[in-house]
Amino acid sequence: MSTPKLALVDLTKRYQPGLAPAVDHLNMEVEEGHLVALLGPSGCGKTTTLRMVAGLMDPTAGRIVVDGEDITSIPVHRRGMGMVFQSYALFPHMNVAANVAFGLRMRRLPKSERLERVRRALDMVQLGYLAERETKALSGGQQQRIALARALVVEPTLLLLDEPLSNLDAKLRESMRGEIRAIQQRTGATTLFVTHDQDEALDMADRIAVMNGGLIEQFGEPSEVYERPRTRFVAEFIGRANLLDATVVADRGPSGADERRYDVQVPGFGAVGAVGAPGLTGATRTMLVRPHRVQVHCDPGASGSPGTVESVSYTGDSVGYRVRVGDRAQLAEAPTDGRIAAPGDVVRLDWDPASAYLLPEEEER
Ligand SMILES: Nc1ncnc2c1ncn2[C@@H]1O[C@H](COP(=O)(O)OP(=O)(O)O)[C@@H](O)[C@H]1O
Ligand SMILES: [Mg+2]
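Residues numbered from 1 in each chain as written. Chains lettered and ligands numbered in written order. Predicted model: local features only at pLDDT ≥ 70, side-chain atom pairs only at ≥ 80, totals over all residues.

Asks: How would you sum up the pairing of strand S18 (residues 328-334)? Please name residues and give values.
Replies: Relative to S18, strand S17 (residues 319-325) runs antiparallel, the two being bridged by 7 bridges. Among the inter-strand pairings, Val325 is bridged to a residue of S18, identified as Arg328. (Pairing = 2+ DSSP bridges. Helix = DSSP H or I, 4+ residues; strand = E, 2+ residues; numbered from the N terminus.)

In structure tokens:
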């Protein structure tokens with residue numbers, strides 16, 4: 001990668017001496033034009049990280065580097081960041097255009113240029129027709145788009161979004177995902193997007209930084225963190241997961257570029273196939289199988305490991321099962337066009353060996 005747009009180097013925030021740091025030697029590089037999601041459970045340090053990048057809070061240690069330049073001690077008003085927070089925070093006594101123009105006021109731009117930039121920013125969020133409207137007459141989604149226009153109008157070095165959709169209702173939240181992503185791609189604004197919602201991160205981001213306890217557990221493309229999680233935490237936080245104890249018995253040859261196919265032994269399932277990094281023969285590892293990759297066979301003559309259905313949840317799009325195999329419950333998600341099993345039924349479970357992934361050994365932290 002050439003010079004990253006943003007680099008965080010050992011970034012650390014300790015709110016109080018003696019307490020564990022909220023952000024702990026965090027390292028990350030963001031490529032120009034990318035949207036990076038900071039994803040993790042409540043309290044893992046997402047907002048603290050974003051506020052340090054914005055300049056709203058001083059780090060205890062570490063550096064923030066933009067375009068190769070250390071900006072750690074540059075004050076917030078000289079960083080040129082565009083920010084949108086969870087609460088819309090528009091100025092209620094100003095109309096829409098005045099709200100969007102706010103960030104341009106201090107810049108002593110000629111009035112004609114100011115008007116032109118406001119017009120463009122409002123067009124960007126497709127709300128030009130609301131320019132003269134009062135902000136309190138707008139819906140939540142409109143207010144959040146105005147907040148986005150206000151952040152974009154300054155042509156920010158970085159766009160920083162902290163859970164911008166979490167105050168919207170479910171339907172609107174989903175359609176706004178697509179809109180924010182489209183706006184971000186049109187402007188090419190390098191963006192940090194804080195969320196605790198894994199669907200939002202998978203849907204919108206070029207890269208996801210999965211955070212846990214002030215650290216990044218994994219940084220990668222959405223498909224990478226979903227299909228090849230580095231830790232149990234990542235496997236369970238991104239989507240749903242069956243995590244099984246596997247003993248690797250034999251190496252069956254290459255699978256793709258850097259992986260091998262293995263025979264493994266799994267309690268309740270016996271001898272099954274899986275893929276993983278080279279050199280795992282003889283090792284014990286956690287094996288991940290995503291529920292939608294598990295096939296549920298109702299026919300007693302079918303292949304697979306027998307288990308007893310504990311519960312069934314039908315959503316229309318799919319049917320979710322909890323199936324007891326041996327002494328553990330496994331999750332499966334099946335299409336609704338086949339026969340649907342009932343609690344108490346004995347079914348057989350299996351999966352394509354390529355869908356079972358042996359996690360790396362976890363390092364102590
Ligand atoms: N102003 C503060 N003073 C002391 N502790 C704080 C402060 N702000 C956040 N924290 C603590 O720092 C940790 C990270 O918080 P935060 O960055 O807000 O997490 P997130 O945005 O991921 O939910 C939490 O344990 C939180 O309680
Ligand atoms: Mg937060």
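Asks: Please provide a residue-by-residue account of the domain arrangement of the protein chain, values included.
Replies: As assigned here, the protein chain comprises domain 1 (6-236) and domain 2 (240-358). Put simply, the middle of domain 1 and the middle of domain 2, counted by C-alpha atoms, are 38 Å apart. Contact with domain 1, which involves 5 residues of that partner, is made by 5 residues of domain 2. Of the residues that constitute the side of domain 1 that touches domain 2, the class distribution is 2 nonpolar, no polar and 3 charged. (Domains from an automatic or database assignment. Contact = placed C-beta atoms within 7 Å. Nonpolar A, V, L, I, M, F, W, Y, C, P; charged D, E, K, R; others polar.)

Asks: If you had to explain the site of ligand 1 to someone new, which residues and values would you point to?
Replies: Surrounding ligand 1, one finds Tyr15, Ala22, Gly40, Ser42, Gly43, Cys44, Gly45, Lys46, Thr47 and Thr48. Looking at side-chain class alone, the shell around ligand 1 contains 3 nonpolar, 6 polar and 1 charged residues. (Near = placed C-beta within 6 Å.)

Asks: An account of the sheet that holds strand S5 (residues 69-70) is needed here, citing residue identities and associated values.
Replies: Remark on secondary structure: sheet strands pair via backbone hydrogen bonds, oriented parallel or antiparallel. Strand order in the open sheet made by the 4 strands is S2-S1-S4-S5, with antiparallel pairing throughout. The open sheet has two edge strands with one neighbour each: strand S2 (23-30) and S5. Packing of helix H1 (residues 46-54) onto the sheet brings it into contact with strand S1 (6-13), S2 and strand S4 (61-66), and relative to S1 it is tilted by some 120°. (Axes fitted to C-alpha atoms, helices over the stretch in contact; angles between N-to-C directions.)

Asks: Lay out the sheet that holds S18 in plain terms, naming residues and giving numbers.
Replies: Taken in spatial order, the 5 strands of this open sheet run S15-S19-S16-S17-S18, and their pairing is antiparallel. Only two strands of the sheet have a single neighbouring strand rather than two, namely strand S15 (295-297) and S18. Here the average twist between neighbouring strands, direction ignored, is 45°. Direction of pairing for strand S16 (residues 305-314) relative to strand S19 (residues 346-350): antiparallel, over a ladder of 4 bridges. Following the sheet pairing, Ser305 is matched in S19 by Leu349.

Asks: Before we move on, can you summarise the nonpolar core with the specific residues and values?
Replies: Residues Ala37, Val100, Val210, Ala274, Met287 and Leu358 are the most contacted members of the largest nonpolar core, which totals 90 residues. The element best represented in this core is helix H4 (residues 140-152), accounting for 6 residues. When residues of this core are assigned to domains, at least three map to each of domain 1 (6-236) and domain 2 (240-358). The residues touching Met287, leaving out its near neighbours within four places in the chain, are Leu244, Ala246, Val264, Val266, Ala274, Ala356, Tyr357 and Leu358. (Core = buried A, V, L, I, M, F, W, Y, C linked by C-beta atoms within 7 Å. Buried ≥ 20, exposed ≤ 12 C-beta atoms within 10 Å, placed from the backbone.)

Asks: Before we move on, can you summarise the packing of helix H2 (residues 96-105) against helix H3 (residues 111-124) with the specific residues and values?
Replies: At a closest axis distance of 9 Å, the pairing of H2 and H3 adopts a crossing angle of 120°. Considered as vectors, H2 and H3 are oriented oblique to each other. Pair H2 / H3 crosses with right-handed handedness. Touching Ala97, Val100, Ala101 and Leu104 of H2 are Arg114, Arg117, Val118, Ala121 and Leu122, all from H3. Residues of the contact of H2 with H3, tallied by class, amount to 7 nonpolar, no polar and 2 charged. (Parallel < 35°, antiparallel > 145°, perpendicular 65-115°, else oblique. Left-handed = near helix turned anticlockwise from the far one by under 90°.)

Asks: An account of the pairing of S4 is needed here, citing residue identities and associated values.
Replies: Two strands pair when backbone bridges link them, and S1 and S4 are joined in this way by 5 bridges, in the antiparallel orientation. Paired with Leu8 across the bridge in S4 is Ile64. Connecting S4 to the antiparallel partner S5 that follows it, the hairpin turn spans 2 residues, and Asp67 within it adopts a positive phi of roughly 50°.

Asks: How would you explain H2 if you had to name every residue and give the values?
Replies: When H2 is considered as a whole, its buried residues turn out to be Val96, Ala97, Asn99, Val100, Ala101 and Gly103. For H2, the secondary structure elements touched by its buried residues are H3 and H4.

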